[in-house]
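Here's the letter readout for the chains.
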Amino acid sequence: MSIRHGLLALLSSAPRYGYQLRVEFEASTGATWPLNIGQVYTTLARLERDGLVAPGGADEQGRTVYTITEAGREELERWFSTPVDHSDRPRDELAIKIAMAVAATDVDVGAVILAQRMATMRTLQDLTRAKRAAGDGLAQRLVLESMIFKAEAEQRWLDHCEAVVKEKNR
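My aim in this report is to walk through the structure given alongside it, one point at a time. Quick caveat, the model's predicted, so the values are computed rather than measured. (Residues numbered from 1 in each chain as written. Predicted model: local features only at pLDDT ≥ 70, side-chain atom pairs only at ≥ 80, totals over all residues. Heavy atoms only, no water.)

## Brief notes about the packing of helix 1 (residues 3–11) against helix 3 (residues 37–49)
When two helices pack together, you describe them by how their axes are tilted relative to each other and by the distance separating the axes.
Part 1: With their axes 10 Å apart at the nearest point, helix 1 and helix 3 run at an angle of 80° to one another. Classed by the angle they form, the pair helix 1 and helix 3 counts as roughly perpendicular. Here helix 1 contributes Ile-3, Arg-4, Leu-7, Leu-8 and Leu-11 to the contact with helix 3, which in turn contributes Gln-39, Val-40, Thr-43, Leu-44 and Leu-47.
Part 2: Class assignment for the residues of the contact of helix 1 with helix 3 results in 7 nonpolar, 2 polar and 1 charged. (Axes fitted to C-alpha atoms, helices over the stretch in contact; angles between N-to-C directions. Helix = DSSP H or I, 4+ residues; strand = E, 2+ residues; numbered from the N terminus. Parallel < 35°, antiparallel > 145°, perpendicular 65-115°, else oblique. Contact = heavy atoms within 4.5 Å. Nonpolar A, V, L, I, M, F, W, Y, C, P; charged D, E, K, R; others polar.)

## Overview of the layout of surface pockets
Over the atoms, a rolling probe the size of a water molecule traces out where space has been left empty.
Part 1: Taken as a whole, the second largest pocket holds about 210 Å³ of empty space.
Part 2: Elements represented by at least two residues in the lining of the second largest pocket include exactly helix 5 (93–103), helix 6 (109–134) and helix 7 (138–168).
Part 3: Sorting elements by how many residues they give to the lining of the second largest pocket places helix 7 first, with 5 residues. (1 Å grid on protein atoms, 1.4 Å probe; cavity = no way out; pocket = protein on both sides within 12 Å on 5 of 7 lines; lining within 4 Å. Points joined across faces, edges and corners; volume = space filled by probe spheres on them.)

## Describing the pattern of salt bridges
Part 1: What the rule picks out here adds up to 11 salt bridges.
Part 2: Of the charged contacts in the structure, one is a salt bridge between Arg-78 and Glu-75, with a shortest N-O distance of 2.5 Å. Taken together, the residues span about one helical turn, with Arg-78 and Glu-75 both in helix 4 (residues 70–81) at a distance of 3 residues.
Part 3: Relative accessible area serves as the criterion here: at 40%, Arg-78 is assigned to the partly exposed category.
Part 4: Here Arg-117 and Glu-162 are joined by a salt bridge, their closest N and O atoms 3.0 Å apart. (Salt bridge = Lys/Arg side-chain N within 4 Å of Asp/Glu carboxyl O. Buried < 20%, exposed > 50% of the residue type's maximum accessible area, 1.4 Å probe, protein only.)

Function cannot be read off these values alone, since they describe shape.
Below you can see the structure in the form of structure tokens.
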């Protein structure tokens, strides 16, 4: 997900100023994607340049309030209707790390896997606590559950890697 599309999604329901967008973006992602306020205003400037948002005046405290344009709604609709392409995702650093550990002759692959397993377990525990603390926010819950499922899948994959490495070393 891009920040630009996240901000458009938030603006699609009501006009907002930059700090509001930052707070609501972080709340919607379960605080798993913290934004710098500078990122918000830089993104808003680009969205305005591209005709996807427009400044809609100022609120009572002088903050510029942005609204989504028709072109912005069309862009948001296109984004929501387009599946995420897995080739657009960044490289999987963990898979590359394990592969390089296996390829290297002087690396204890089991120790690399164990260190990652422990870190992933801590992450899983932190995410589970965050989910319990999140309350009734559906958007937050879904983001946290996605991260939990990914951490659980990573644990299963590490189990698989460990079994394959043990089998190879027999």
